[in-house]
Amino acid sequence: MGKATGFLEFERQTPSECEALERIKNWDEFSIPMDEENLREQGARCMDCGTPFCHVGRLLSGMASGCPLHNLIPEWNDMVYRGNWEVALKRLHKTNNFPEFTGRVCPAPCEGSCTVGMNGKPVTIKSIEKSIVDRGFEEGWIVPEPPLTRTGKKVAVVGSGPAGLACAAQLNKAGHTVTVYERADRIGGLLTYGIPNMKLDKKTVQRRVDLLAAEGVTFVTRIEIGLDISASQLKAEHDAVVLCGGSTQARDLPIEGHELRGIHQAMEFLTLNTKSLLDSELADGEYLSAADKDVVVIGGGDTGTDCVATSIRHGCRSVIQLEIMPQAPLTRQPSNPWPEWPKVLKVDYGQKEAASLFKGDPRRYLVSTKRFVGDDGGHVQELHTVRIEWTRNEQGRMIPVEVPGSEEVLRAQLVLLALGFTGPEETVLGELGVERDERGNAKAEFGAQATNVEGVFTAGDMRRGQSLVVWAIDEGRQTAREVDRFLMGSSNLP
């Protein structure tokens, strides 16, 4: 490394943010880019590790440790420290097709396993990654690079989320003719309609989509495979098919009153909001508004946070976020050692905004919802909840037990369910006869990616279940290599 003692000389810094009470007035990204001097100092903090765990990309205790894309983090940190930004960009793009996405929305498991983090604060890897790619676009270093020759092979990619886009990008580089089918009106999958604009500006997504189109990838929107085009027809017209439809079956909360109006899945709420924002800046009113309502978000995680932040921007009267799990500790516990993902309390942007506006963290832990109560018109008005404790049963499994006398009634005219997803939809998988695994996902071994149907492959959440954007990109790249090998007998794709 260029600055072997950098981690001793410089403190960790992260980008500053627009004030919470100001940024909730708009839908813009709110992170303020760091200046070059600070970025070079942060790059200098990267140690000369004998074994850099930051790019290992393994599952430890069921959580990601290090970068699943195996990004060459020490190399591009060093290049940033030295001021060699264009070289840093080349090293970054070597393993990651879309660093402008991961640099904004990835939770950074690389930082959780950073060696500096063993006894101090980890290197600011995510911010450096974002700065490299943003500078690449600003300087004009990122331009279309269509393949020099075409193989004559045709591949259909179903779904345009991060897995589908990564797979399409790699297969196009190999010279295959790639068509991406998307049932929504815009390309991007969850990048477009699942993540709010203030976390990932949709112009950033469209910029990359336009680049892929200029390189030769064909995008078809408003076409649902299995309805508008049969899956069998799609397979017959292409040499290979890659299913990247995601895990889109939302988990419900089947308790008393769940059929009341005003109770919605989080993704419905977020999708309609983003579509209306892009179509008309919300002027068309074609979204679920939280304005002047008491909002309750059931479920934690990124999706729950996004619902909190979106509700605040609508002008909600109040917002509460319920979590059935206990609050995470403030520091790493002995049972959660480095380089595992640190299971510590995280205060995300939505909670910060709620705390600034309503003078308190909106989250309530160890709370279970018992039933919904509506008004005479069939619209939700209340949630009846109870506190719970987690105890072990006779079989040694942790189960929730209600705390007597802890019942509470919460006002709510809008309830958002952010409870995760149970698996992919049936339509395409069923028509093609693709086998499912024990969790209901498309069955295909990681590293092979092929389903039981010859010529049909799968990647992303459809194969592995609900996961991170960075895993989806990795799956897309892995699958592209296997499809290339299937079509050509061998592959030079990474």
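Keep in mind that this is a model prediction, so the values were computed, not measured.

S.K.: Let's hear about the UniProt feature "domain: Dihydroprymidine dehydrogenase" (unreviewed entry) in the protein chain: which residues, and what values?
M.R.: Annotation from UniProt places "domain: Dihydroprymidine dehydrogenase" (unreviewed entry) at residues 23-140. Secondary structure content for residues 23-140 is 48% helix and 5% strand, while the C-alpha to C-alpha distance between its ends is 29 Å.

S.K.: Report on the UniProt feature "domain: FAD/NAD(P)-binding" (unreviewed entry) in the protein chain, specifying residues and quantitative values.
M.R.: According to UniProt, the positions carrying the feature "domain: FAD/NAD(P)-binding" (unreviewed entry) are residues 153-327. As annotated, residues 153-327 has a helix share of 37% and a strand share of 18%, and its two end C-alpha atoms lie 52 Å apart.

S.K.: Let's hear about the pattern of salt bridges: which residues, and what values?
M.R.: Counted according to the given criterion, the structure contains 33 salt bridges. We note a salt bridge from Glu 29 to Arg 104, for which the minimum N-O separation is 3.0 Å. Separated by 75 residues along the polypeptide, Glu 29 in the loop between helix 2 (20-23) and helix 3 (36-44) and Arg 104 in helix 6 (residues 99-105) bring together distant segments of the chain. The class for Arg 104 is buried, based on a relative accessible area of 14%. Arg 208 is the partner of Glu 100 in a salt bridge, and the nearest nitrogen-oxygen pair spans 2.6 Å. You can see Glu 100 sitting in helix 6 and its partner Arg 208 sitting in helix 11 (residues 202-214), a full 108 residues away along the chain. Side by side, Glu 100 and Arg 208 carry an identical accessibility label, which is buried. In the salt-bridge network here, residues are joined through shared partners; they are Glu 17, Arg 23, Arg 313 and Glu 353.

S.K.: Residue-level account of the domain arrangement of the protein chain, with values.
M.R.: If you check the domain split of the protein chain, you get domain 1 (5-139), domain 2 (154-248 + 421-488) and domain 3 (252-417). Look at where the C-alpha atoms of domain 2 and domain 3 centre, and you get two points 30 Å apart. Tallying the contact residues gives 12 residues for domain 2 and 14 residues for domain 3. Counting each side, the surface lost to burial between domain 2 and domain 3 is near 1,100 Å², with a carbon and sulfur contribution of 63%. One can count 3 salt bridges joining domain 2 with domain 3. Among the salt bridges present, the one from Asp 185 reaches Lys 275, with a minimum N-O distance of 2.7 Å.

Thresholds, definitions, all that
Residues numbered from 1 in each chain as written. Predicted model: local features only at pLDDT ≥ 70, side-chain atom pairs only at ≥ 80, totals over all residues. Heavy atoms only, no water. UniProt positions renumbered as here; feature names shortened; annotations may be inferred. Helix = DSSP H or I, 4+ residues; strand = E, 2+ residues; numbered from the N terminus. Salt bridge = Lys/Arg side-chain N within 4 Å of Asp/Glu carboxyl O. Buried < 20%, exposed > 50% of the residue type's maximum accessible area, 1.4 Å probe, protein only. Domains from an automatic or database assignment. Contact = heavy atoms within 4.5 Å. Buried area = accessible area lost by both parts, 1.4 Å probe.

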